[in-house]
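Reading the structure
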Amino acid sequence: SILTTKTMARLKLEFPCAAIFQTTIRVRITDLNYGAHMGNDALLSLMHDARVQFFQSLGATEINFFNTAVIMSDVQVQYKHEGFAGDELLFEMGINDITERTFDVWYLVSKKVNDAKTIVAIAKTGMMCFDYTTKKVQTIPTELKEKISSLV
């Protein structure tokens, strides 16, 4: 049988780097799913919005990323608590694991509950530099490495 009684290991993420950017984004009614809380697809969209803001703070965009572009190659999300319509989510973000062609963007997503910080999700997106014209992976620009080094 394909089904087993073994317990499947769960993803456990820890925010591994310095938070070098933060922004807040409010959960909208359209971000809710049938459970009346923020859907997993909505969180990915909010992470994208936060990442765009982060890159803008570095003087870049996803299409003009220090004379190249970036594309997301993978994503990992560990959900910790629900988000509801009107919640003000704080996205604290950092970059680590910079290689020749890839880097990771980390997200610590939280909200205030009774004046205490409650973690909603911890996530990572693997990003790679990419040339949309040739459809080939590119080397990470030196300027990105210098900017990140100056912030941490």
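Below is a summary of the structure that appears in this document. (Residues numbered from 1 in each chain as written. Predicted model: local features only at pLDDT ≥ 70, side-chain atom pairs only at ≥ 80, totals over all residues. Heavy atoms only, no water.)

The subject of this paragraph is the side chain of Arg51. Mapped onto the elements, Arg51 comes out in helix H1 (residues 40-57). Residue classification places Arg51 among the buried residues on the basis of a relative accessible area of 5%. (Helix = DSSP H or I, 4+ residues; strand = E, 2+ residues; numbered from the N terminus. Buried < 20%, exposed > 50% of the residue type's maximum accessible area, 1.4 Å probe, protein only.)

For the rest of this paragraph, the subject is H1. Helix length check: H1 (18 residues) gives 26 Å between terminal C-alpha atoms against 26 Å at 1.5 Å per residue, within 8%. The elements touched by buried residues of H1 are strand E1 (21-26), strand E2 (69-79), strand E3 (88-96), strand E4 (102-113) and strand E5 (116-131). Gly59 sits one or two residues past H1 and shows a positive phi near 85°. (Expected span 1.5 Å × (residues − 1). Contact = heavy atoms within 4.5 Å.)

Take the environment of Leu108 next. By secondary structure assignment, the location of Leu108 is in strand E4. Along the chain, Leu108 and Ala123 lie 15 residues apart, while their C-alpha atoms are 6.7 Å from each other. Filtering out sequence-adjacent residues up to four positions away, Leu108 remains in contact with Phe15, Leu90, Phe91, Glu92, Lys117, Ile119, Ala121 and Ile122.

Looking at where Val113 falls in the secondary structure, it is placed in strand E4. Here the alpha-carbon distance between Val113 and Glu92, two residues 21 residues apart in the chain, equals 17 Å.

The subject of this paragraph is the nonpolar core. Counting residues in each nonpolar core, the largest one holds 34 residues, and the members touching the most others are Phe54, Phe65, Phe91, Phe103 and Val105. Secondary structure elements with two or more residues in this core: E1, H1, E2, E3, E4, E5 and helix H2 (142-151). When residues in this core are grouped by element, the largest group, seven residues, is from H1. Judged by nonpolar contacts, the second largest core, of five residues, contains Leu13, Cys17, Trp106 and Leu108. (Core = buried A, V, L, I, M, F, W, Y, C linked by side-chain atoms within 4.5 Å.)

Right, let's get into the pairing of E3. In terms of burial, E3 is largely enclosed, as seven of its nine residues are buried. With six bridges joining them, E1 and E3 adopt antiparallel strand pairing. Along E3, the bridge assignment pairs Thr23 with Phe91. In the sheet, E3 pairs with E4 via seven bridges, with the strands oriented antiparallel. The residue of E4 that forms the bridge with Ile95 is Val105. What sits between E3 and E4 in their antiparallel hairpin is a turn of five residues, with Asp97 showing a positive phi close to 50°. (Pairing = 2+ DSSP bridges.)

So, to be careful, I would describe these as geometric facts and stop short of saying anything about function.
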